[in-house]
Amino acid sequence: MKQLSTPRLDQCIGCHSCALACARLVHKKVSWHCAGIRIRSAGGLSTGFAASRCLCCDPPPCAAVCPTGALTPRRGGGVVVRKGSCIRCGACVPACPVDGIATDHVGDIYICIHCGRCVPFCPQNCLEMVDSDATGEVR
Amino acid sequence: MSGKEFRVMVVDLACGKGRLEVIPGRDLVIGGSGLAALLYRQYGKPELSWDDPQQPLIFAIGPLTGLFPLMSKTVCSFKSNYHGEYTESHAGGRSALALAFAGLDALVLVGRAPRLSSLLVASRSLELREVSFLKGLDCDAAGKLLRTTYPGGSGHRSILRIGPAGELGSAMAAITVDTYRHFGRMGGGAAMGAKNLKAIVIHGDGALDLPEGKAYARLFQELYGKVTSTEMMRKYHNLGTAANLQALNDISSLPWNNLQRTSDAAIATVSGERFADAALLRNGACGGCPVGCIHIGFFREKMADNRYHFHQVAYDYEPIFAVGTMLGVTDVFDVLRIIEAVEKVGLDVMSAGVALAWATEATERGLIGDRETLTPLRFGDAAAYRQAAWQLGSGASPFYRLLGQGTLRAAAQYGGGEFACVLGQEMAGYATGELFFAAQTLGFRHSHLDTGAYGYDQKNSQRDVGKAVDFLIDDEPGRALLTSMVACLFARAVYDNETLSRCLEAVGHSELAATLSESGERIRRLRWLVRASTGFAPENFSIPKRFYKVATWKGAIDAAYLDAIKDEYGRRIVALIAAGANEWR
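The rules behind each value
- Residues numbered from 1 in each chain as written.
- Chains lettered and ligands numbered in written order.
- Predicted model: local features only at pLDDT ≥ 70, side-chain atom pairs only at ≥ 80, totals over all residues.
- Helix = DSSP H or I, 4+ residues; strand = E, 2+ residues; numbered from the N terminus.
- Rg over C-alpha atoms; globule rule 2.2 N^0.38 Å.
- Contact = placed C-beta atoms within 7 Å.
- Pairing = 2+ DSSP bridges.
- Axes fitted to C-alpha atoms, helices over the stretch in contact; angles between N-to-C directions.
- Domains from an automatic or database assignment.
- Nonpolar A, V, L, I, M, F, W, Y, C, P; charged D, E, K, R; others polar.
- Buried ≥ 20, exposed ≤ 12 C-beta atoms within 10 Å, placed from the backbone.
- pLDDT = per-residue confidence, 0-100.
- Expected span 1.5 Å × (residues − 1).
- Core = buried A, V, L, I, M, F, W, Y, C linked by C-beta atoms within 7 Å.

### Topic: the overall build of chain B
Next up, step 1: The helix and strand inventory of chain B stands at 24 helices and 20 strands.
Next up, step 2: A compact globule built from 585 residues should have a C-alpha radius of gyration of about 25 Å, and chain B, at 22 Å, falls within 12% of that.
Next up, step 3: If one aligns the C-alpha atoms of chain B with their principal axes, the spans along those axes are about 65 × 60 × 50 Å.
Next up, step 4: For chain B, the proportion of contacts with a sequence separation of at least 24, taken over those separated by at least 6, is 69%.

In structure tokens, the structure reads:
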């Protein structure tokens, strides 16, 4: 399985193009928040940027607390999202240890589904789809 | 998606309460510049002083903000204490997207907070908070404390703040946006300070509905490809605007030492290449812009032994000209040190640099001395300028307080008006010739970006008054249109009218797409009409003698040609105002 990784985030310029692409193409929103990847400044602009996103835990603690099966473990780590099953309980949000899940004011959740549609919209080549087996990130 | 009507949050700072107004007129003024002018007509008090609590401070975005690449700017408008007239200043950072995602087309601030305060605006929050602990703090320190005061929302909020210069009412006071961007010119920081408002935190915590159909995503992809894959925008993220230093020096159009000359061999040590090679730390971007034109340089300071601390400072052509070549400072790290000092105290770098250049020449000529400047000023003395920047911004002497109101104000008292490099406001860094000098003097914002006069000067050597003024008149509506969308003007080659029409169609504003040319003209006239209501007249602005003594690649300035252009441009603007008065009765 492929998963999204951010191997060159030190090249990030903070344009939010990745988040805007995810919101636009996956979640059908115009937003920098309602997205599976979200860029934040790490302690003010002068110290660069960090990305909040799913790191593909295996097993995923968010799926473990989901009461309706809207989030189920994905092969290789992370979750498969069944939006229609989500009752907006919000239990998954604090369960994620890396702030990878966002929620909006009506309780919809936004989590990376590792589709890679954000990758070509990064002008700085920060993002990459990699084999789950090959990544050194959280397992 | 922005609607057919404007959603405007009007906040009365006197009581800390706001009301959400739904205002018609999208079809007439589009947004951004047009909306700001419309709002000043509604909320402004042209007859009252700039610092009357009733005067509005306006921030406006446009129908394409956040929806397409480089639609990333905010227009700030207010009655300026620099010339007592209506004006605009533009900035990027995250302010535009934050406003859009807070669900607003504009924020209008009226009234005066009883104590020094900060304002939080979000999609579901509005709060005025007393922040007397920020009094007198520089923009950097205030930013750090504000990030602590308002936890959460990192990356999705925009923090606007002023420094001591804004609190004191300097006409050169800027509003700092997200550390590295600024509503710099014409005293926006003073307009904010007059409201007892130290900071505005805009949290873009909401979302917009996606435009219907597939056209939007397809067009986004096409334009994204255009701005990232082609050469079109490369100059902005490569050397950036700093590339202009060498180019303008080569054609004898770069002001040096208070415009005593326009070219100097020392350019090699202060060129865009030199900045990139020696001092460029990284690039940054405004929210929603993949170009990343923000160039962040560094310098380090030695304390003792081998103990250092380092500083990060954004640079561009204009700041480098203003506190570099204009002051005879040619070390890139020294230039960054002065930029930082100016920005910390909350002054506009261009205005401050040009004002200090005049003060230096006035010192050379014996018109002023240490009693006025406190620090002896000498071209090339970077350490002195660093001190003087703080003294100017903090009003450390009666002289500096007067200079902060404008170089010509100081010259009126101390003499030296003939060598004050003021074209409506302290000059932009283009000693390109007659058309630019006339255009900045009378331009709507007194900005080099009001029209492409600096480009015209570089391509045309004939002296045809009618043709030159036609160029200014014909060029302005397209720019007014872009600043109503609100596009970064670096993207003007990408967003021609046909592309803007496609963008507007794709996001459901087909009614705007069909009438772009007429709208640009209408907005241009409205802006001038609003400015005229606050007292604008062409004869309010003159061109100091120094500009008549400049030599460019075309040779010496032709005084008669310069005067003729200015007179004709002034007549044409007056005609625009008259036409606007008929239209906006």
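### Description of the sheet that holds strand S7 (residues 117–122) of chain B
Residues and elements named next belong to chain B.
Next up, step 1: Within the open sheet, the 6 strands sit side by side as S8-S7-S12-S9-S10-S11. Their pairing is mixed. Each having just a single partner strand, strand S8 (125–130) and strand S11 (181–183) make up the two edges of the open sheet. The mean inter-strand angle of the sheet, taken between neighbouring strand axes irrespective of direction, is 20°.
Next up, step 2: The sheet contact formed by S7 and strand S12 (residues 197–203) spans 6 bridges and is parallel. Within S12, the position partnered with alanine 122 by the bridge is histidine 203.
Next up, step 3: Of the strands in this sheet, S7, strand S9 (157–161), strand S10 (175–177) and S12 touch helix H4 (residues 139–149), which is tilted by about 140° from S9.

### Quick word on the domain arrangement of chain B
All names here are of chain B.
Next up, step 1: Split into domains, chain B comes out as domain 1 (6–203) and domain 2 (230–425).
Next up, step 2: Listed per partner, the contact involves 33 residues of domain 1 and 28 residues of domain 2.
Next up, step 3: Within the residue set of the side of domain 1 that touches domain 2, elements represented by two or more residues are helix H3 (95–101), H4, helix H5 (164–168) and S11.
Next up, step 4: It is H5 that provides the largest number of residues to the side of domain 1 that touches domain 2, a total of 4 residues.
Next up, step 5: Counted by class, the side of domain 1 that touches domain 2 contains 17 nonpolar, 11 polar and 5 charged residues.

### Comments concerning helix H18 (residues 434–442) of chain B
Since the α-helix packs 3.6 residues into each turn, any two residues three or four apart lie on the same face.
Next up, step 1: Within H18 of chain B, 9 of the 9 residues are buried, which leaves the element mostly enclosed by the surrounding structure.
Next up, step 2: Summarising the contacts, the buried residues of H18 of chain B are in contact with strand S17 (422–423), helix H19 (453–459), helix H20 (465–485) and helix H24 (559–583) of chain B.

### Some thoughts on the confidence of the model for chain B
Next up, step 1: Taken over all residues, the pLDDT of chain B has a mean of 96, while the share at 70 or more is 100%.
Next up, step 2: Across the interfaces of the predicted complex, the ipTM metric reaches 0.92, alongside a pTM of 0.97.

### A word on helix H2 (residues 32–43) of chain B
Residue and element names in this part refer to chain B.
Next up, step 1: A rise of 1.5 Å per residue sets the reference length of H2, with its 12 residues, at 16 Å; its end C-alpha atoms lie 16 Å apart and thus fit the reference within 8%.
Next up, step 2: With respect to burial, H2 is a largely interior element, 9 of its 12 residues being buried.
Next up, step 3: Gly32, Ser33, Gly34, Leu35, Ala36, Ala37, Leu38, Leu39 and Tyr40 are the residues of H2 that are buried.

### Here we look at the sheet that holds strand S5 (residues 86–91) of chain B
All names here are of chain B.
Next up, step 1: The strand order across the open sheet built from 6 strands is S2-S1-S6-S3-S4-S5, with neighbouring strands paired in mixed fashion. Only two strands of the sheet have a single partner each, and these edge strands are strand S2 (17–23) and S5. Within the sheet, the average angular offset between the axes of one strand and its neighbour, ignoring direction, is 20°.
Next up, step 2: Bridging between strand S3 (residues 57–60) and strand S6 (residues 106–110) involves 4 bridges; their strand directions are antiparallel. The residue of S6 that forms the bridge with alanine 60 is alanine 106.
Next up, step 3: Running over the sheet, H2 touches strand S1 (6–12), S3, strand S4 (74–79), S5 and S6 and is turned about 150° from S3.

### Let's talk about the nonpolar core
All names here are of chain B.
Next up, step 1: Core analysis: the biggest nonpolar cluster contains 244 residues, and Ile58, Ala106, Val323, Leu347 and Ala389 have the highest contact counts within it.
Next up, step 2: Here this core gets 10 residues from one element, more than from any other, and that element is helix H13 (residues 349–364).
Next up, step 3: Domain assignment of the residues forming this core places at least three in each of domain 1 (6–203) and domain 2 (230–425).

### Observations regarding the pairing of S8 of chain B
Residues and elements named next belong to chain B.
Next up, step 1: As judged from the 6 bridges shared by S7 and S8, these two strands associate in the antiparallel manner. In the strand pairing of S8, alanine 122 is matched with serine 125.
Next up, step 2: As consecutive antiparallel partners, S7 and S8 are separated by 2 residues.

### Focus: the interface of chain A and chain B
Next up, step 1: Counting residues at the interface gives 27 residues for chain A and 32 residues for chain B.
Next up, step 2: Counted by class, the side of chain A that touches chain B contains 12 nonpolar, 9 polar and 6 charged residues.
Next up, step 3: Here strand S2 (residues 29–30) of chain A pairs with strand S13 (residues 208–209) of chain B via 2 bridges, running antiparallel. Residue pairing across strands places valine 30 of chain A opposite leucine 208 of chain B, the latter belonging to S13 of chain B.

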